[in-house]
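# Secondary and tertiary structure notes
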Amino acid sequence: MKRYLKNIEDYEIKNNRYTFRCSSGNLIIHIMNCETVHVEYSFIDIEVDELSKEASSLISEYSTEDKSVFTQLKDMRDSYEITCNNLLIQVDKKTAMISIYKNNVLLHGGAIGDDDTVVPSYQLRVLNEGNSTAVGKFNFKLDDDDEFYGMGDKGGLLNKAHRALKFFNKDSMGYDAEIHDPLYKSIPFFIKLNRSFGSLCGIFIDCPAVDSMNFGVESPLYYNIKTFGGPFSYYFFAGDDYSEVVSNYLNVTGRPAFPPLFSFGFLGSSMNYVEEDDAKERIEKYFRQTEENNIPCEGMYLSSGYLKQPDGKRYAFIWNKKKFSDPKKFVSDLRNRGYRLAMNIKPGILTTHPWYEELSRKGYFIEDKNHRPYTEFYWGGEASFINFANEDAFKWWKNQLKEQLLDNNCDGIWNDNNEFEIEDIEVDMYKIKSVLPMMMCRASYEAFEERDKDNGENTRAWIMSRSGASGIQRYARTWSGDNCSDWKTLKFNQYQSIGFGLSGIPFYGHDLGGFYGKVPSEELLVRSCESAVLQPRFVIHSWRADGNPTEAWTYKNQLPAIRNLVNEHYRFMPYIYTAAYDAVVNAKQMDRSLYLEFLDDANLSGSETDSMFGDNILKALVVEESVRQRSVYLPKGCNWYYGIDNSYHEGGTSLNIDAELGKFNYFVKEGSVVPMVSKVKKLKTAIYEKVELHLYRTHGRDEKTSKYFEDDGKTKLCENKYNLYTFTVTDKRVIISKDRDGIKGKNRVFSLIDNNGIVIKSFDPDSLDENDTITIDL
């Protein structure tokens, strides 16, 4: 049985919700604001199950309607027209086809082909056979130059045009970062851009069971999206630039959670540290070596070996007491030395787990169609997954996190192997499996909140997740999973960095040097570390069969270079941390595509591995072997300073630079103020004693602005215990304004430093109250 909507009979308007009635169902267009529209299809004889509805509501639970928005409907001869400011939505009376325009430019929808092409006439067709779950297929008009961005950690180039992509979260160890699909995270949100037409929009499918997206592989005339079950709906987003489109998406699915400051520093990690009986000694040795080698370190992502029992199985929440006889003392001792641990935990409970039968009796597992615990092959054997949609199971998991991890003074929770690879479509939870990683992370988030409530605190949680879908950003940070130790991976991981941000996930990272495969060469390891100087995660993470993981000191002759790169990461920390704040509050991406940032520059293609980090810095990385010199293209629209020698260069030109191993090359926009610190070895607070405000003078008359954010590194933003500064730069002066005065320090100095290294002015930032300004003539 195939269903679609046609021949609209009448309509109903309630506030800004327009319901168009057809004989087979309804088309509902809900205008949330003048840049966000929700489109929903319902059918008389197809019922969407409650589980899918609840999951969809969870994904988009932050969606709200702006009731002050004025909309108007016109009944035309062949269509209805809804206007909202400069947005126009046309609904064809015959086919229920939607076309959305902004300033008379078609952004979304429209007729596919013409009268002589055999193509789908209806934008949604739903097929339902008997009692099986209905399958929906959206078809939307595709133009020759359409480009598509986002969708999670998809491999390959940034633009996913001419790609057919699966949306099935998968354990993808050793993946090819150029061609493999699917990977760990599937985000059913994308940005559609067409530079020829000047069109830009975003589409978010709020069905929890999106199966695939096909961007021109099936047909050059349309792209399509396949869903398994409903709701049969999507959000449309407009915006003046791609960042506004992402911001509107995050207004629906939730703003990113702000991780604590220390999680942006250098951290260790390897399965090899925790697998053997001498795990405690290996971990202590690692931290001792960081100290001996004078490398700043905040702690470790502790792999699951602490749960590995004598039979070789990993049993969730059961510490191996032979390795760690007193977990709380072990963790506390490290914490007292300044090291924090994020504990690896997995949602699959092996059938041999001592608690398995009890959990089964209580109904805490995902069940098959016969209401028995559903099992899948998992790491270590057959396992059942905790059903996080079951309220009692959710509470049980949360309590175990508190009792076994947080009460033992662990600082972070690392949700791993949480793809929930349910393959049996007859399992009820199959339809919402994409939401389960987010629900798992929500349990982690609530565990931290409840601990804080007991302690009278309101701090930010350190949560990591390997898998996720839309909404994961409001609870956890992530990384690109078990990548390979090769040059191709280093290159394509840079596209993934940008892709995460375009998917609403700003806090990303990569296993530097590669997790899987051969030990990286000296050159590959150092180049990987160069790439992390300006990234929100700096972690060398690997697993090696011989028990020797990749470490900063794997190659003694490259230790000075890697130490310097870690120190560079810490030197830039005020800038990195400000970019993180901007990602949370303003939905700005940390890593940004040069192509999307400088759309008017025809010299950019989108294949660049160089990128902007934050508002002001261009990273010029080396991602190919044996390169010691390279050309860097500086985009039009501004002029640039070379960060190494502060030389000045015009935008729209190329520059040949030395790219010696261990050097981090970067360029700064003119008119920028970049905050930096020196000699910081531990990220205890972002209220630094001495901050260097590096000024990159402007040669034009236009004002340039930069921001600087600082706080104690842990308190939630809602407490308003932070400072925010704006630097306004002209060719004649710098105006420093304190926009927020929420926290004070002691004996602090800010120094404005010219690009030739001369201190222009030093001042005490705590002498400024909110809205105070300092004017410094140049």
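Residues numbered from 1 in each chain as written. Predicted model: local features only at pLDDT ≥ 70, side-chain atom pairs only at ≥ 80, totals over all residues. Heavy atoms only, no water.

### Here we look at the sheet that holds strand E41 (residues 722–729)
On the basis of which strands lie adjacent, the open sheet formed by four strands has the order E40-E41-E42-E45 and antiparallel pairing. If you trace the sheet from one side to the other, it starts and ends with strand E40 (704–711) and strand E45 (773–777), each paired once. The mean angle between the axes of side-by-side strands here comes to 15°, regardless of whether they run parallel or antiparallel. (Pairing = 2+ DSSP bridges. Helix = DSSP H or I, 4+ residues; strand = E, 2+ residues; numbered from the N terminus. Axes fitted to C-alpha atoms, helices over the stretch in contact; angles between N-to-C directions.)

### Details of the state of the cysteines
Counted under the stated rule, the structure contains one disulfide. Put simply, cysteine 34 and cysteine 84 are joined by a disulfide, and their sulfur atoms are 2.2 Å apart. Sign of the S-S torsion, about -85° for the bond between cysteine 34 and cysteine 84, identifies this disulfide as left-handed. With cysteine 34 in the loop between strand E4 (25–33) and strand E5 (36–43) and cysteine 84 in strand E7 (residues 79–84), this pair connects stretches of sequence that are 50 residues apart. Cysteine 84 matches cysteine 34 in its accessibility class, with the two residues each being buried. (Disulfide = S-S within 2.5 Å. Buried < 20%, exposed > 50% of the residue type's maximum accessible area, 1.4 Å probe, protein only.)

### Some words on empty space enclosed by the protein
Under the counting rule described, the total for this entry stands at ten cavities of 30 Å³ or more. Its boundaries defined by the atoms lining it, the largest cavity holds a volume of some 100 Å³. As for the largest cavity, its lining consists of 17 residues, of which Leu490, Asn493, Asp511, Gly513 and Ser528 are closest to the centre. When grouped by side-chain class, the residues that make up the lining of the largest cavity number four nonpolar, eleven polar and two charged. Taken as a whole, the second largest cavity encloses approximately 80 Å³ of empty space. Of the residues assigned to the lining of the second largest cavity, the class counts are six nonpolar, one polar and two charged. (1 Å grid on protein atoms, 1.4 Å probe; cavity = no way out; pocket = protein on both sides within 12 Å on 5 of 7 lines; lining within 4 Å. Points joined across faces, edges and corners; volume = space filled by probe spheres on them. Nonpolar A, V, L, I, M, F, W, Y, C, P; charged D, E, K, R; others polar.)

### Some remarks on helix H10 (residues 559–571)
For H10, which comprises 13 residues, the first-to-last C-alpha distance of 18 Å matches the rise-based estimate of 18 Å (1.5 Å per residue) to within 8%. In this fold, the buried residues of H10 make contact with strand E20 (266–270), helix H9 (522–531), strand E29 (538–542) and helix H11 (573–586). (Expected span 1.5 Å × (residues − 1). Contact = heavy atoms within 4.5 Å.)

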